[in-house]
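Structural features, examined
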Amino acid sequence: MSTEPELDADVAEMSFEDRLEALVGTRVLERDDHKNAPGFVIRPDDVQDVLFDLRDEAGFDHLSCVTAQQYDDRYESIYHLKQYDDPTREVSVVVPTSTDNPVSQTAEPVFRSADWAERENFDLVGIDYEGHPDPRRILLPETWQGHPLSQDYNQEKPQVVTLSEHANPLQADHKDTETDTMFLNIGPHHPATHGVLHVKTVLDGETVVDVDPDIGYLHRCEEQMCEQGTYRHQIMPYPDRWDYVSAGLLNEWAYARAVEDLADIEVPEYAQVIRTMGAELCRIAAHMLALGTFALDVFGDFTAVFQYAFRDREVVQDILEDLTGQRLMFNYFRLGGVAWDLPEPREEFFEKTRDFLDDLPHKVSEYEDLIVTNEIFQIRCVDTGILEPEVAKSYGATGPTARGSGIDMDLRRDDPYGYYENLDWDVITEDGMDNYSRVLVRMGEVEESAKIIEQCVDLLEDWPEDDREIQSNVPRTLKPEADTETYRAVEAAKGELGIYLRSDGTDKPGRFKIRSPCFHNLSTLAEMTEGEYIPDLIASLGSLDIVLGEVDR
Amino acid sequence: MIGGSKTPLQDTILLPERIGDLTGLGEFGMAGELIAMFIAAFIVGNLMLAMTGVAGPWAKRKITAAFTDRYAVNRVGPFGLLIIVADSVRLLGKELIIPENADRPAYDLAPIVVAGSAMLGFAVIPMGSGIHLADPEVGLAYVFAVAGIASVGLVMAGYSSANKYSMIGGLRAVAQNVAYEIPLVVTGMSVVIFAGTLQMSEIVAAQAETLITVGGLDIPMWYAFVNPFAFVLFLAANFAEIGRNPFDIPEAPTEIVAGYQTEYSSVYFVLIYLGEFLHIFLGGAIIATIFLGGPAGPGPAELGIVWFLVKIWAVFLLTQWLRSALPRVRIDQLIEIGWKGMLVLAFANLVLTAIIVGLLETDLALSMVIFA
C-alpha cells in the first residue's frame, strides 16, 4: 500500500475530527480510536441522537457496518459510518453495554441498513436493540438456543431444530379470510433465487404486496472460523468462499487490506499491480456471471445470452487458473503480496490475456445486440425495480446496485488501494435507478476492468526483472498489537466488502466481522419490488446480483 | 377465380377409404369401414407421435445447442439419437408422485386432455401423399376448437395440483389463451375469406394456383405470399397459443417454477410434455396448411408428405430460434399486446381482406360481363 496519500489524508482529517468531536459533544464518554477512523464511545441510549447528528450535520450518510462483540466485561456495538461522497471520511460510534443486560438503542430509525445488521448482531452475539421494529433472528432458525459468538455459548450442546418446532413454511394458516392476497414461498428451492434464498411473498393476483427475504440457509460461521485461524496463512482461504462465483481475489483483497492496515504491512508495488490485474479479471468473471444469470431470469431459460456469458467467462477463468493455479478457490493473495509470480513463460500469459482483451469489444457488442437493444428486454427492465438513491443510501447499498441509482461511489477511486490510482479508468454510473441501469453499469464496468487489465499487463511486461518483488517480509507468526481495531473495505464485485478486525495480542483475530455487500443490497429488495409484478420481483432479485454465500457467510 | 375453381393437387380419396380398398375391409360394410378408420387413425397418430415424441426432443436439443454455441447429446448412439430411448427409460422409471391434496380425477385427466386435444387436431390436416384422415366442411373451425381444448387441460392441471405455482400458471394459461385465441381465429378467418371455404382440402387446393411468375419461376398463391401481414400476425398469435417464447408465460420456469406442470412427474409429466410438443407441431401443421400451401412443393405429388413435414419443421425451428434469442414478456404486457394490439390488427386485417376480396370479385365479374 502506498502510504503517502494516506498521511496527507490524515493531516487533512485532523480538523475535521475535532469538529466531529465537538458535534457529538458531551455525549462522548471517551475516545476509542480505530486505525481507520476516530471512535467515540457513547451511552447506549444516545445512539439515535448521535447518529442523527452525524448523518444530518456532518454528512455521514452511509452506515457501512454494525459490528457487535463481547468482551470479558461488556458487550459492544460499533457503528462504522462513512460518507457516500468521500468514503475516506470515516467515524466509528462505539456503544458498550453491560454483560448482564445487553440492551442498546436501535439505529434503525436513522439508517434502514441497521435493521438487518442489528438483527444479525442479536442473532450471533446476543445484544438486544431496544425499539427495533423486527427483533427476530436473521441467519439462524428462530428455535436456536444461545448466541454463537457470545462467550458463554456452549458449542457442545446439540441444537435440535425440527421442522415442526421451526416456523413451518408449509403451514396453512397463511390464509387470510379478510383479504384476497395469497402467501407464496419463493424458495428456498426455486429456479431464480441464485442459491438458497427464501423470499416470503404476499401476492395480490400477480402483484407483489409484501416481500420478506429469509436468509441464513448457507450460513457457515465464516466469521467464527476466521477467528479460529491464524492471520498469516489460515484465514486467506476463507474469503474465496464468501462470494464464490469467481470473485475470489476481490474477497481476498478485503482481508489482505484489513490485516495490512492492522499490522502495518507494506506491499511491494509489483505485487500491487498483479493484485490489481487479478482482481479486475475476477470482476469481469463475476459480472459476466451476473449478466448471464440476469438474462436467465428475464429471458426465462438457458438461452443464448447465458451461454455466451459463460463461454466468455470461461476465458477469464482460464487466465485466472494460469495465474493462481485454481479456478474458483484461488487462495492467491498473501499478506504483503501474492503467493507467486506470473506463470512462466510470461509471454504466453501476456499473449493469452491480450487475446482476451482484444476479443472483448466484439463480445460486448454482441451482448448489446442481444440484450441492451432488445425491445422486449427493454420493456421488461426499464422502469422496473426502481431504487431511489436516497433509499439506496439508507439501506447501505453499494457497488453496481448503488451506481445504477446514480450514486457515484467506487472505493477503487474514492478510497484508493492497490494500483488503481495510477491507472486510467472511469467509474460507471447510470441514473435510471432500474433493473436496466444496473445491467448497463455491469456491462460498462466490464469494459473499464478490461482497460485496467490492459494497463497492468503493459506495466508487468516492462517491469525490470530484478525488481519483481512479490511479497514483502512478513513475520511467520503475525501478532498485531493487542486491542488494535480497524475496519477496511474494498470494492468487490457486488459492492463494498469490508472487514472489521480486532486483535487480542495473539496470532488469531479477537473479532473478525465481515461487511457483506450482498447482505445490504438484498435488504433493498422489498423497497424495489413492492407493488410490482412477480416477474419484476425475479428480475430485480437477479439485477441485485446476490451470492448467498456472501449474504449468509 | 378466388376460392372457386379446384386444382386437385392431391387425391380426394381419404386415408380410411384407401385402407378400406386396399385391405378389402371396405367390403364388410359399416364394421369394416370402422376398422379401416381405426387403422388409418393409428397410422397418422403414430406418425405424428414419432415425429413429436422421438424426433422433437432430440432435434430441440440439437437446435438449442447450435443456437447457444455448445454441444448437445452426442454420446448415446449415432448423433446421440438413442438418447430418446435412454430418456424414455429414465422418465418412465421415475416414481409417479401425486400431491396429497390433488383433486384426483382432474389431476389425472389433465395430461391426457393436453396431449389428446392436440392429437385430435391432426385428423383434419391434409398431409399430402394421400395421408388425410377426415375432411369435414368445417375443418378449420374444428382444428381451432380442438386445439382450444388444451386450455381446459392446463387449467385442470393448474387447479387440481394444489400448488400455488400451478395455480398461477393455470390462471396465466387461461388469460393468455383467451387473449390470443381470438386474434388467431380472426386472422384465420381472413384466409377463409380468400379461400371461400373452411374445408382443409379446399383451402390447400385454392393455394395451388400461380400467383405471379417471376423469371419463369411460378410463385404459388400461398396465403403467406398473398397476405404476409396475416401470416405474421398468425405466427405471433400462434406462439402465444402454444405458449412458447416470448410468450411462455404459463410455464415461466424462472418465475413460477414450471407453472401448471410443477407437480407432475413420471408418466404424467411425459404426457404433458408430449402434449406441448404436439401443440407446437399442430400449430406448425395449421400454419403449413392455411398459409404455406399444405403439402404443395416441387416434384411429384407423392412427395407431399415430405414437403409438409419440412414446413412443420420450419415452424418448429422458428420456435426454437425465438426461444434461444428472445426475452419473455411480462403477463400484463402480454395481455396488453393481445387485447390492444393483436386483436385490433386482426380485425383490421379481416376487414381489409374482405374489401380486397370483394373488389377483386366485382372486378372479375365485371370483366367477365365485358368479355361476354
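Here is what the cut-offs are and how they apply
Residues numbered from 1 in each chain as written. Chains lettered and ligands numbered in written order. Predicted model: local features only at pLDDT ≥ 70, side-chain atom pairs only at ≥ 80, totals over all residues. Heavy atoms only, no water. Helix = DSSP H or I, 4+ residues; strand = E, 2+ residues; numbered from the N terminus. Rg over C-alpha atoms; globule rule 2.2 N^0.38 Å. Buried < 20%, exposed > 50% of the residue type's maximum accessible area, 1.4 Å probe, protein only. Contact = heavy atoms within 4.5 Å. UniProt positions renumbered as here; feature names shortened; annotations may be inferred. Patch = residues over 30% accessible without salt bridge, like charges linked within 9 Å, V, L, I, M, F, W, Y side chains within 5 Å. Areas by Shrake-Rupley, 256 points an atom, 1.4 Å probe, with all protein chains shown as cover. Salt bridge = Lys/Arg side-chain N within 4 Å of Asp/Glu carboxyl O. Buried area = accessible area lost by both parts, 1.4 Å probe. Domains from an automatic or database assignment. Polar contact = N/O pair within 3.5 Å; in protein donor to acceptor, adjacent residues only side chain to side chain. Phe/Tyr/Trp six-rings, centres within 6.5 Å; stacked < 30°, edge-to-face > 60°. Pairing = 2+ DSSP bridges. Core = buried A, V, L, I, M, F, W, Y, C linked by side-chain atoms within 4.5 Å. 1 Å grid on protein atoms, 1.4 Å probe; cavity = no way out; pocket = protein on both sides within 12 Å on 5 of 7 lines; lining within 4 Å. Points joined across faces, edges and corners; volume = space filled by probe spheres on them. Axes fitted to C-alpha atoms, helices over the stretch in contact; angles between N-to-C directions. Expected span 1.5 Å × (residues − 1). Parallel < 35°, antiparallel > 145°, perpendicular 65-115°, else oblique. Left-handed = near helix turned anticlockwise from the far one by under 90°. Nonpolar A, V, L, I, M, F, W, Y, C, P; charged D, E, K, R; others polar.

With respect to the overall build of chain A
In terms of regular secondary structure, chain A is built from 17 helices and 15 strands. By the compact-globule yardstick of 24 Å for 553 residues, chain A fits well, its C-alpha radius of gyration being 23 Å. Based on the C-alpha atoms only, the size of chain A along its principal axes is roughly 65 × 55 × 50 Å. Within chain A, the fraction of its 553 residues that count as buried is 61%. Partitioning the contacts of chain A with sequence separation of at least 6, the portion at a separation of at least 24 is 69%.

Some words on the UniProt feature "transmembrane region" (unreviewed entry) in chain B
Residue and element names in this part refer to chain B. Here, the residues flagged by UniProt with the feature "transmembrane region" (unreviewed entry) are residues 34–56, 105–127, 139–159, 180–201, 221–240, 267–292, 304–322 and 342–360. Along residues 304–322, the helical share is 100% and the strand share 0%, with 28 Å between the first and last C-alpha atoms. Here residues 342–360 is 100% helix and 0% strand, with 26 Å between the C-alpha atoms at its ends.

Examining unusual backbone geometry
Peptide bonds are, in most cases, trans, and in most cases residues other than glycine have a negative phi. With an omega dihedral of -10°, the bond running from Glu344(A) to Pro345(A) counts as a cis peptide bond. Relative to the elements of secondary structure, Pro345(A) occurs in the loop between strand 12 (337–338) and helix 8 (346–372). Despite not being glycine, Ala162(B) has its phi angle at roughly 55°, a positive value. Within the secondary structure layout, Ala162(B) lies in the loop between helix 5 (139–160) and helix 6 (164–195). Using a relative accessible area of 45% as the deciding quantity, one classes Ala162(B) as partly exposed.

Some points on a nonpolar patch on the surface
Residue and element names in this part refer to chain B. A cluster of nonpolar side chains, contributed by Ile-35, Ile-39, Phe-42 and Ile-43, occupies part of the molecular surface with about 370 Å² of accessible area. The residue Phe-42 is located in helix 2 (residues 29–67) in this model. Residue Phe-42 is classed as exposed on the basis of its relative accessible area, which comes to 58%.

Description of the UniProt feature "domain: NADH:ubiquinone oxidoreductase 30kDa subunit" (unreviewed entry) in chain A
When the UniProt feature table is mapped onto this chain, "domain: NADH:ubiquinone oxidoreductase 30kDa subunit" (unreviewed entry) is found at residues 41–158 of chain A. Here residues 41–158 of chain A is 19% helix and 29% strand, with 37 Å between the C-alpha atoms at its ends.

Regarding the interface of chain A and chain B
The partner chain B presents 26 residues to the 35 residues of chain A that form the contact. Counting each side, the surface lost to burial between chain A and chain B is near 2600 Å², with a carbon and sulfur contribution of 58%. In terms of surface lost to chain B, no three residues of chain A exceed Glu206(A), Phe299(A) and Ile376(A), which account for 18% of the buried area on that side. In this assembly, chain A and chain B are joined by two salt bridges.

A closer look at the domain arrangement of chain A
All names here are of chain A. The domains assigned to chain A are domain 1 (4–130) and domain 2 (222–335 + 342–550). Its C-alpha centre places domain 1 at a distance of 26 Å from the equivalent point of domain 2. Between domain 1 and domain 2, the residue contacts involve 34 residues of the former and 36 residues of the latter. Of the roughly 2900 Å² buried between domain 1 and domain 2, counting both surfaces, carbon and sulfur atoms make up 52%. Among the residues of domain 1 in contact with domain 2, Lys-35, Tyr-84 and Trp-116 are the three that bury the most area, contributing 26% of the side total. Counting across the interface, domain 1 meets domain 2 through four salt bridges. A salt bridge links Lys-513 to Glu-120; the nearest nitrogen and oxygen atoms lie 3.0 Å apart. Where domain 1 touches domain 2, the interface holds 19 residue pairs in polar contact (both at pLDDT 80 or more). Going through the elements one at a time, helix 1 (4–24), strand 3 (62–70), strand 4 (74–82) and helix 3 (113–124) are the ones with two or more residues in the side of domain 1 that touches domain 2. At eight residues, the largest contribution of residues to the side of domain 1 that touches domain 2 is made by strand 3.

A closer look at the packing of aromatic side chains
For any pair of aromatic rings, the description rests on two quantities: the centre-to-centre distance and the angle between the ring planes. Applying the stated criterion to the full structure yields 30 aromatic pairs over all chains. Centroid distance Phe377(A) to Tyr436(A): 6.2 Å. Interplanar angle 55°. Geometry classified as tilted. Remark: Tyr436(A) occurs in helix 13 (residues 435–461) and Phe377(A) occurs in helix 9 (residues 375–381); sequence separation between them is 59 residues. Neither residue differs from the other here; Phe377(A) and Tyr436(A) are each classed as buried. The interplanar angle of 80° and the centroid separation of 5.2 Å between the aromatic rings of Trp313(B) and Phe316(B) together place this pair among those described as edge-to-face. Of this pair, Trp313(B) and Phe316(B) both sit in helix 12 (residues 304–325), three residues apart, roughly one helical turn.

Quick notes on the pairing of strand 9 (residues 198–204) of chain A
All names here are of chain A. The element strand 9 is extensively covered by neighbouring structure, given that five of its seven residues are classed as buried. Judged from the five bridges that link them, strand 8 (residues 182–186) and strand 9 form a sheet pairing that is antiparallel. Paired with Met-182 across the strands is Leu-203, a residue of strand 9. The sheet contact formed by strand 9 and strand 10 (residues 207–214) spans seven bridges and is antiparallel. Residue pairing for strand 10: His-198 is matched across the bridge by Asp-214. The hairpin formed by strand 9 and strand 10 contains two residues between the paired strands, and Gly-205 there has a positive phi angle of roughly 65°.

Let's talk about the nonpolar core
With 162 residues, the main nonpolar core has Leu51(A), Leu54(A), Tyr79(A) and Met277(A) as its most contacted residues. For this core, the leading source of residues is helix 6 (residues 269–299) of chain A, giving 16 residues. Both of domain 1 (4–130) and domain 2 (222–335 + 342–550) of chain A provide at least three residues apiece to this core. Once residues lying within four places of it in the same chain are set aside, the contact partners of Leu54(A) are Leu20(A), Leu23(A), Val24(A), Gly59(A), Phe60(A), Leu81(A), Val91(A) and Val93(A). Core analysis: the next-biggest nonpolar cluster, separate from the first, contains 74 residues, Ala40(B), Phe122(B), Phe316(B) and Leu322(B) among them.

Regarding empty space enclosed by the protein
A water-sized probe, rolled over the atoms, reveals where empty space remains. All names here are of chain B. Tallying each qualifying case throughout the model produces five cavities of 30 Å³ or more. Reported here for the largest cavity is a volume of approximately 190 Å³. For the largest cavity, the lining is made up of 18 residues, of which Leu-154, Glu-241, Ile-242, Gly-243 and Tyr-260 are closest to its centre. Going through the elements one at a time, helix 5, helix 6, helix 9 (228–241) and helix 11 (266–291) are the ones with two or more residues in the lining of the largest cavity.

Description of the sheet that holds strand 14 (residues 496–503) of chain A
Residue and element names in this part refer to chain A. Pairing within the open sheet is antiparallel, and its three strands lie in the order 13-14-15. Bordering the open sheet on either side are strand 13 (485–491) and strand 15 (509–515), each of which pairs with just one other strand. Recorded for the sheet is a direction-independent mean angle of 15° between the axes of neighbouring strands. As judged from the six bridges shared by strand 14 and strand 15, these two strands associate in the antiparallel manner. Paired with Arg-502 across the strands is Arg-511, a residue of strand 15.

Notes on the sheet that holds strand 9 of chain A
The strand order across the open sheet built from three strands is 8-9-10 (chain A), with neighbouring strands paired in antiparallel fashion. The open sheet is flanked by strand 8 and strand 10 of chain A, the only strands paired with a single partner. Strand-to-strand twist in this sheet, taken as the mean axis angle between neighbours without regard to direction, amounts to 20°. Along the sheet, helix 16 (residues 534–544) of chain A makes contact with strand 8, strand 9 and strand 10 of chain A, crossing strand 10 of chain A at roughly 35°. Taken strand by strand, helix 6 of chain B contacts strand 8 and strand 9 of chain A, and its axis lies near 110° from that of strand 8 of chain A.

Observations regarding helix 6 of chain A
All names here are of chain A. Between its terminal C-alpha atoms helix 6 stretches 44 Å, which fits the 45 Å expected from 31 residues at 1.5 Å a residue. Most of helix 6 sits out of view: 30 of its 31 residues are buried. In the stretch just after helix 6, Gly-300 is the one whose phi turns positive, near 95°.

Brief notes about the packing of helix 6 of chain B against helix 9 of chain B
Residues and elements named next belong to chain B. Direction vectors running N to C along helix 6 and helix 9 enclose 150°, while the axes themselves pass 9 Å from each other. It follows from the interaxial angle that helix 6 and helix 9 lie roughly antiparallel. In the packing of helix 6 onto helix 9, the handedness of the crossing is left-handed. Along its contact with helix 6, which presents Gln-176, Asn-177, Tyr-180, Glu-181, Leu-184, Thr-187, Gly-188 and Ser-190, the element helix 9 presents Ala-230, Leu-233, Phe-234, Ala-237, Asn-238, Ala-240 and Glu-241. Here the residues of the contact of helix 6 with helix 9 sort into seven nonpolar, six polar and two charged.

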